[in-house]
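Each chain is listed here by its residues.
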Amino acid sequence: MIKLTRLDGEAFILNAELIKYIEQRPDTFITLMSNDRIVVAETPEEVMRRTLEYHRNKRVLPVDCVG
């Protein structure tokens, strides 16, 4: 799970396993496996960093994996 922020400033927790892809248009859009879309305040790079950290903490990725 990763903590993100909606554009209105509301924080929420997203299951990182559900992320299909991330786009910048200019806001950051996260498309989920269900094809639902969420717009967040974080940059695509920050969402990716948090997602990689989530997977590292699950031990899915090695600690020394380049992000």
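Look up: the structure comes first, before these words.
Reference entry: report on the structure contained in this document. None of these values were measured; they are calculated from a predicted model.

### Considerations on the packing of aromatic side chains
So, step 1. Per the stated rule, a full pass over the model turns up zero aromatic pairs.
So, step 2. Between the NZ or CZ atom of arginine 6 and the centre of the ring of phenylalanine 12, over which it lies, the distance is 4.4 Å.
So, step 3. Lying across the ring of phenylalanine 29, arginine 25 places its NZ or CZ 5.7 Å from the centre.

### Examining the sheet that holds strand 5 (residues 37-40)
So, step 1. The three strands lie next to each other as 3-4-5, forming an open sheet whose pairing is antiparallel. Two strands close off the open sheet at either side, each with one partner strand: strand 3 (19-24) and strand 5. For this sheet the average axis-to-axis angle between neighbouring strands, irrespective of direction, equals 25 degrees.
So, step 2. Examined bridge by bridge, strand 3 and strand 4 (residues 28-32) share five bridges and lie antiparallel to one another. When the sheet's bridge partners are listed, isoleucine 22 is paired in strand 4 with isoleucine 30.
So, step 3. Here helix 1 (residues 44-57) sits on the sheet and contacts strand 3, strand 4 and strand 5; the angle it forms with strand 3, its principal contact strand, is near 155 degrees.

What counts, and where the lines are drawn
- Residues numbered from 1 in each chain as written.
- Predicted model: local features only at pLDDT ≥ 70, side-chain atom pairs only at ≥ 80, totals over all residues.
- Heavy atoms only, no water.
- Phe/Tyr/Trp six-rings, centres within 6.5 Å; stacked < 30°, edge-to-face > 60°.
- Lys NZ or Arg CZ within 6 Å of the ring centre and 35° of its normal.
- Pairing = 2+ DSSP bridges.
- Helix = DSSP H or I, 4+ residues; strand = E, 2+ residues; numbered from the N terminus.
- Axes fitted to C-alpha atoms, helices over the stretch in contact; angles between N-to-C directions.
- Contact = heavy atoms within 4.5 Å.

From the geometry alone we can't say anything about function, so treat these as descriptive.
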